[in-house]
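Structural features, examined
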Amino acid sequence: MLRSIIALLIGCLLFAAVPGGAPAVSRTGMVEGTVTHAGRPVEGAVVDAAGQRIRTDVGGTFRLAPVEVVGAERLITIVVRAPGLGMWRLSDARVIPDDTLRITTKLEARNVELRQPKPRAKTFSSTTTPQMESSSFSPTTLTATSTSSAPPSTIRVYVTGSADCNPGAAGTVQVVNFKYYVKHVLPNEWLSGWPTESLRAGAMATKHYGWYQVNRGGKWPGLGADVMDSQCDQVYNPAVSYASMDKAIDDTWGFKATRDGSVHVSYYRAGRQGDGTDYGDDIMYQWGTEYWARQGKTWSWMLHYYYDNLVISSSAASVTINGGATYAKSSTVRVTSSAPAGTTHIRLSSSSATSSGLLSKGVTYTYTSAINWNLANTTYGGSTTNGTRAVYAQWRDSAGRWSTVRSDTIVLDTRRPVMSKVAHGFVIGSVLSASGVPVRLTWSATDATSGVAHYQVQRSVDGGGYTWAVSGTTAKLRTEQAVIGRTYRFRVRAQDRAGNWTAWAYSLSFVPWRYQENTSAVTYPVGAWTREAWSQASGGYIVHADNAGATARFQFTGSRVSWAATRAPNRGQADVWVDGVFVRTVDLFASAVQPRSVVFTRSWVQSGAHTVTIKVRGTAGRPTVIVDAFGVLR
């Protein structure tokens, strides 16, 4: 019996040690992203995903702690919420071990529901021949029409929101940055987790398909679009990309594939797992690229293998600062470049000075497509001065020959904007609500280099924590219906176009009060004014007078005051005096009835005792003047 038990235990251990018997290995993947609304970052948005809850930073970015993945992938749901905006949800987001899932969240006023589609490569079949598999690409429908030395800057995408091919689907045309388009197509076609050379082959194929359609004037002229976002062409999902695929695209961006001098239209379909066969139909097989990459083949070898008579060449070398951004808030920037095949070194400088054709203040690196560069390093021609700055580059090939100098520029802005004080007061033309009075906040900021991009506004009520009033506004004022008797304080900060934030600027604290027409703080001459019930009035009553010279005197303590009345076609004029000094004449005429309308305001630097006197002028044909309520801020 003991021997049987031991044998059983040994058998179990052996089973656990062989493929299929061992538990799947747990690894981790990363998830990061950005949250914007109307093109501006949203700070403080709540991100729920993979059992974690975090908030976005001032730049609207987030990064989860490492996400555990058992097996090849883990499907998660990502939910993003921000005050005043609709919920954003992405289902079936694929977290891949040892890769970073990059999420682009664009919040809207309405809820947004998205689903990450299954990559086309997952449609492979082991029972049907590749020629019989469904493919959205028909090699007989298109012919090469044009050539281009560099990829287009933009592409017109007919966005339907569905991966399913339906040429009659409703949608809208969006003009998309072409490189952004390719980076948000590849994850829906190839599989993250495949070898690098396979992803590079996919990067070339997806890029050239879209490039070809732009060159020919668009595949869908009736829609005004170059491509659709579905399997009618290539699946485009602007919410998802991966670090591994972004790098594969960056690595191959400087290369071009042509046939007979024209950009090649690179058809592809899934194929079968483990099958590297070329079926001679001028179609790349996605699983074939995975197979050949594991055999040590390069992406360029694969393109020549699947596409006959193909010429692969590199476009002219180029250099880009911070991905083509206009502004930088730090003197340390990311310099990326593309260069011809055979490039061994790159030389960078912040000065255009050369000696014998070589950048004289430069530093030489073994060639890599991305390098961190300090614009302030004076050894290489740098400076801390804000303004337009340049980076100059040269490339050396294996024969030791240096290229001509190329450059890119960026506006360096390391200084915060200058924020003004936040002021508050009543607003002429605003309307009293049932429970509050309208208070307007005003502010502004200046930035000499990049200019102010937007503002963020928060409020504190009764001494509590600050909560969002609005995030990402370009307005310099905001009107709030402040509840009577509550204590308010606001703070505002500005961000410039380079991403620099000011410190918070604070308003003074204030408490709004409302005095109805019958308050003891208002005195009327006996018999001169008549009180009358009216459902649209503040408090349900108004007082009115027709006789010239009739006065209403309001005494209060505060720093801001407002008079609310009813404006209408038959309403007259009144002179307003403050602390015994004439201020101006108020005309209550309006083409339509406007109840509870603020018609006069006055403010002081400090709170104090004041008197407002309203004197009826007795305007001919429309003598009536209304007093509905007074507002005071203390």
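All values derive from a computational prediction rather than experimental measurement.

Within the protein chain, the secondary structure is distributed over six helices and 48 strands. A compact globule built from 634 residues would reach a C-alpha radius of gyration of about 26 Å, whereas the protein chain, at 34 Å, exceeds it by more than 25%. Principal-axis analysis of the C-alpha atoms places the extent of the protein chain at approximately 105 × 85 × 60 Å. Sequence-distant contacts in the protein chain: of pairs separated by 6 or more residues, those separated by 24 or more amount to 68%. Total accessible area computed for the protein chain in this model is approximately 28500 Å², and 51% of it derives from carbon and sulfur atoms. The centroid of the 64 positive side-chain charges in the protein chain is displaced by 8 Å from the centroid of its 42 negative side-chain charges.

On the basis of which strands lie adjacent, the open sheet formed by three strands has the order E16-E15-E19 and antiparallel pairing. Every other strand in the sheet has two partners, leaving strand E16 (262-263) and strand E19 (311-314) as the edge strands with one partner each. Alignment of strand E15 (residues 255-259) against E16, held across two bridges, turns out to be antiparallel. Note that in E16 the partner of Thr 258 across the bridge is Val 263. On top of the sheet, helix H6 (residues 299-306) reaches E15 and E19; it is set at about 150° to E19, its chief contact.

Before going further, it helps to spend a moment on the pattern of salt bridges. Across all of its chains, the model carries 29 salt bridges by this definition. Between Arg 622 and Asp 587 there is a salt bridge; the shortest N-O distance is 2.9 Å. Of this pair, Arg 622 sits in the loop between strand E46 (594-616) and strand E47 (625-627) while Asp 587 sits in strand E45 (residues 581-587), and the two are 35 residues apart along the sequence. What emerges from the salt-bridge pattern is a single network uniting Glu 32, Arg 63, Arg 102 and Asp 246.

So, about the sheet that holds strand E23 (residues 343-349). Here we have five strands laid out as an open sheet, ordered E21-E29-E28-E23-E26, and mixed in their pairing. Only two strands of the sheet have a single partner each, and these edge strands are strand E21 (327-328) and strand E26 (363-366). Taken together, the six bridges between E23 and strand E28 (residues 387-397) define a ladder with antiparallel strand orientation. Residue pairing in the sheet places Ser 349 in a bridge with Tyr 392 of E28.

Roughly 400 Å³ of internal volume is contained in the second largest pocket. The wall of the second largest pocket is formed by 23 residues, among which Ala 72, Ile 96, Ser 192, Gly 193 and Trp 194 lie closest to the centre. In terms of residues, the lining of the second largest pocket owes the most to one element, helix H5 (residues 286-294), which gives three residues. Taken together, the residues of the lining of the second largest pocket sort by class into ten nonpolar, five polar and eight charged.

Residues Val 31, Ile 78 and Tyr 181 are the most contacted members of the largest nonpolar core, which totals 71 residues. For this core, the element with the most residues is helix H3 (residues 196-215), which contributes eight residues. Among residues more than four places away in sequence, those in contact with Tyr 181 are Ile 155, Val 157, Val 176, Val 227, Gln 234 and Tyr 236. Judged by nonpolar contacts, the second largest core, of 32 residues, contains Phe 556, Val 561, Val 599 and Ile 626.

Once that is clear, we can look at the environment of Val 437. For Val 437, the position within the fold is in strand E32 (residues 436-442). Between the C-alpha atom of Val 437 and that of Phe 426, which follows or precedes it by eleven residues, the distance is 8.2 Å. Contact partners of Val 437, with chain neighbours within four places excluded, come to Phe 426, Leu 432, Glu 480, Gln 481, Ala 482, Ile 484, Pro 512 and Arg 514.

This brings us to unusual backbone geometry. Of note, Asn 309 is a non-glycine position whose phi angle comes to about 55°, a positive value. We classify Asn 309 as exposed; its relative accessible area is 66%. Phi is positive for Asp 579, close to 50°, though the residue is something other than glycine. Relative to the helices and strands, Asp 579 is located in the loop between strand E44 (573-578) and E45. Judged by relative accessible area, Asp 579 falls into the partly exposed class, the value being 38%.

If you check which residues of helix H4 (residues 243-252) are buried, you get Met 245, Asp 246, Ala 248, Ile 249 and Thr 252. All buried residues of H4 project into a common sector of 160° when viewed along the axis, lining one side. Residues of H4 that are buried sit in contact with strand E9 (100-107), helix H2 (178-183), H3, strand E14 (240-242), E15 and H6.

Let us look at the state of the cysteines. Applying the stated criterion to the full structure yields one disulfide. Covalently, Cys 165 is tied to Cys 232 through a disulfide, its sulfur atoms 2.0 Å apart. With the S-S bond torsion at 95°, the cross-link from Cys 165 to Cys 232 turns out right-handed. Taken as a pair, Cys 165 in the loop between strand E11 (154-159) and strand E12 (172-177) and Cys 232 in the loop between strand E13 (227-228) and E14 lie far apart in primary sequence, 67 residues in all. With a relative accessible area of 43%, Cys 165 lands in the partly exposed category. Classification of Cys 232 as buried rests on a relative accessible area of 3%.

Right, let's talk about the side chain of Thr 105 for a bit. Checked against the element boundaries, Thr 105 lands in strand E9. With residues near it in sequence (within four places) discarded, Thr 105 still touches Thr 34, Val 35, Thr 36, Val 80 and Trp 88.

Time to look at the packing of aromatic side chains. Taken as a whole, this structure holds 26 aromatic pairs when the rule is applied. Between Trp 301 and Tyr 305, the ring centres sit 4.9 Å apart and the planes meet at 15°, which makes this aromatic pair stacked. Of the two residues, Trp 301 and Tyr 305 both sit in helix H6, four residues apart, roughly one turn of that helix. What makes Tyr 305 partly exposed here is its relative accessible area of 23%. Between Tyr 488 and Phe 490 the ring centres are 6.4 Å apart and the planes differ by 5°, which places this aromatic pair in the stacked class. Neither residue differs from the other here; Tyr 488 and Phe 490 are each classed as buried. Connected via pairs of aromatic rings, a cluster forms that spans Tyr 279, Tyr 285, Tyr 291, Trp 292, Trp 301, Tyr 305 and Tyr 306. The cationic tip of Lys 207 hangs over the ring face of Trp 253; the distance from NZ or CZ to the ring centre is 5.2 Å. The ring of Tyr 541 has Arg 531 sitting right over it, with the charged end atom 3.9 Å from the ring centre.

Reading the values: rules and limits
Residues numbered from 1 in each chain as written. Predicted model: local features only at pLDDT ≥ 70, side-chain atom pairs only at ≥ 80, totals over all residues. Heavy atoms only, no water. Helix = DSSP H or I, 4+ residues; strand = E, 2+ residues; numbered from the N terminus. Rg over C-alpha atoms; globule rule 2.2 N^0.38 Å. Contact = heavy atoms within 4.5 Å. Areas by Shrake-Rupley, 256 points an atom, 1.4 Å probe, with all protein chains shown as cover. Lys, Arg positive; Asp, Glu negative; His and termini not counted. Charge placed at Lys NZ, Arg CZ, Asp CG, Glu CD. Pairing = 2+ DSSP bridges. Axes fitted to C-alpha atoms, helices over the stretch in contact; angles between N-to-C directions. Salt bridge = Lys/Arg side-chain N within 4 Å of Asp/Glu carboxyl O. 1 Å grid on protein atoms, 1.4 Å probe; cavity = no way out; pocket = protein on both sides within 12 Å on 5 of 7 lines; lining within 4 Å. Points joined across faces, edges and corners; volume = space filled by probe spheres on them. Nonpolar A, V, L, I, M, F, W, Y, C, P; charged D, E, K, R; others polar. Core = buried A, V, L, I, M, F, W, Y, C linked by side-chain atoms within 4.5 Å. Buried < 20%, exposed > 50% of the residue type's maximum accessible area, 1.4 Å probe, protein only. Arc of directions from axis to C-beta. Disulfide = S-S within 2.5 Å. Phe/Tyr/Trp six-rings, centres within 6.5 Å; stacked < 30°, edge-to-face > 60°. Lys NZ or Arg CZ within 6 Å of the ring centre and 35° of its normal.

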